[in-house]
Amino acid sequence: MQDQTTAGNLLYTMRANPPLVQCITNFVAMNIAANVMLAAGASPAMVHAEEEAGEFAAISGALTINIGTLSSGWLAGMLKAAQSANEAGKPWVLDPVAHYATAFRRDAIARLLELKPTIIRGNASEIIALAGGTSRGQGVDSRDAVEQAEDSARQLAEKHGCVVAVTGVTDFVTDGQKAKRIVGGSPLMPRVTALGCSLTCLVGAFAAATPDAPFDATIAALAVFALAGERAGATADGPGSFSWRFLDALAGLTPEAVDRDTRISAA
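Since the model is a prediction, treat every value here as computed from it, not as a measurement. (Residues numbered from 1 in each chain as written. Predicted model: local features only at pLDDT ≥ 70, side-chain atom pairs only at ≥ 80, totals over all residues. Heavy atoms only, no water.)

## Some thoughts on the UniProt feature "binding site: substrate" (unreviewed entry) in the protein chain
Inclusion rule: UniProt positions are given in the numbering used here, feature names are shortened, and annotations may be inferred rather than shown by experiment. Think of it this way: any DSSP run of H or I at least four residues long counts as a helix, any run of E at least two long counts as a strand, and we number them from the N terminus. Per-residue accessibility, obtained with a 1.4 Å probe over protein chains only, is compared with the maximum for each type, and a residue is labelled buried under 20%, exposed over 50%, and partly exposed between these values. Residue contacts are defined here by distance: any two heavy atoms, one from each residue, within 4.5 Å place the two residues in contact.
Mapped onto this structure's residue numbering, the UniProt feature "binding site: substrate" (unreviewed entry) falls at Met46 and Ala194. Mapped onto the fold, Met46 is located in the loop between strand 2 (43-45) and helix 3 (50-59). We classify Met46 as partly exposed; its relative accessible area is 23%. Position of Ala194 among the secondary structure elements: in the loop between strand 8 (179-183) and helix 8 (195-209). Residue contacts for Ala194: discarding those within four places in its chain leaves Val28, Ala29 and Ile32.

Here is the structure:
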């Protein structure tokens, strides 16, 4: 019997019924994140205002929250949206961008964690700090290796009852019990702004398509992203050409190619 939870099958499922995903992301990421979602086959909506964020979350397939360019008004919208998503039984993804940098961010992330995200996606420094450890992160940049954050990710997943994804050279995903690693991508990816933020939105799209399997959905999103990055990087001359090649590679991926070429292993 064919495994219906493979990354390729989940890509097919997501594209067959393109999910509407509410992406509360940052100013830097909005354009590239929307383009990534469209290239992958999902339908993004950049709705963040307090006056409508909660109402919109209830009708979306999933919600993603990224605190990159945080403000009081945006935080109010985030809190309302997360609460509404929970009440409607919709999955939501938290991207704790540089949450350790200021008191405002630390308070915001604590309030968002209380609303129990389905999935947390961050870089190694963010995940280490979120679990209470000492990271070497500076601003939005990670200065810690993914493998150094694996124990922190497991602790976070167990504490908050969610899936945790640590992304970097080799991605790591855990639900506190089982774990997977995903290899791929390109060294050019960190040189294109907001690709990590875009990945958070894509995780939301896969979670919307398979809401009962957030662990598998997260792995599939990361695997698809990594394969597109690997293919784009093979012919790119630099970060500029990589950016558009990545969108083309993402749009051109087939479920068969994803299942054949992605490198996913147990951790």
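## Description of the packing of aromatic side chains
To keep things clear, this is the line we draw: A pair of aromatic rings is counted whenever rings of Phe, Tyr or Trp (Trp by its six-membered ring) have centres within 6.5 Å, and the orientation is called stacked for planes under 30 degrees apart, edge-to-face for over 60 and tilted otherwise. Should the NZ of a Lys or the CZ of an Arg lie within 6 Å of a ring centre and within 35 degrees of the ring normal, that charge is described as sitting over the ring.
This model, assessed by the stated rule, comprises 3 aromatic pairs. Considering the side-chain rings of Phe27 and Trp74, the 4.9 Å spacing of their centres and the 50° angle between planes classify their relative orientation as tilted. Residue Phe27 is found in the loop between strand 1 (20-24) and helix 2 (30-40), and its partner Trp74 is found in helix 4 (residues 72-88); the two are separated by 47 residues along the sequence. Given the relative accessible area of 59%, Phe27 is considered exposed. A relative accessible area of 8% means that Trp74 is categorised as buried. Among the aromatic residues, ring-to-ring pairing joins Phe225, Phe242 and Phe246 into one connected group. In this structure, Lys178 is placed above the aromatic ring of Phe215, and the distance from its NZ or CZ to the ring centre is 4.8 Å.

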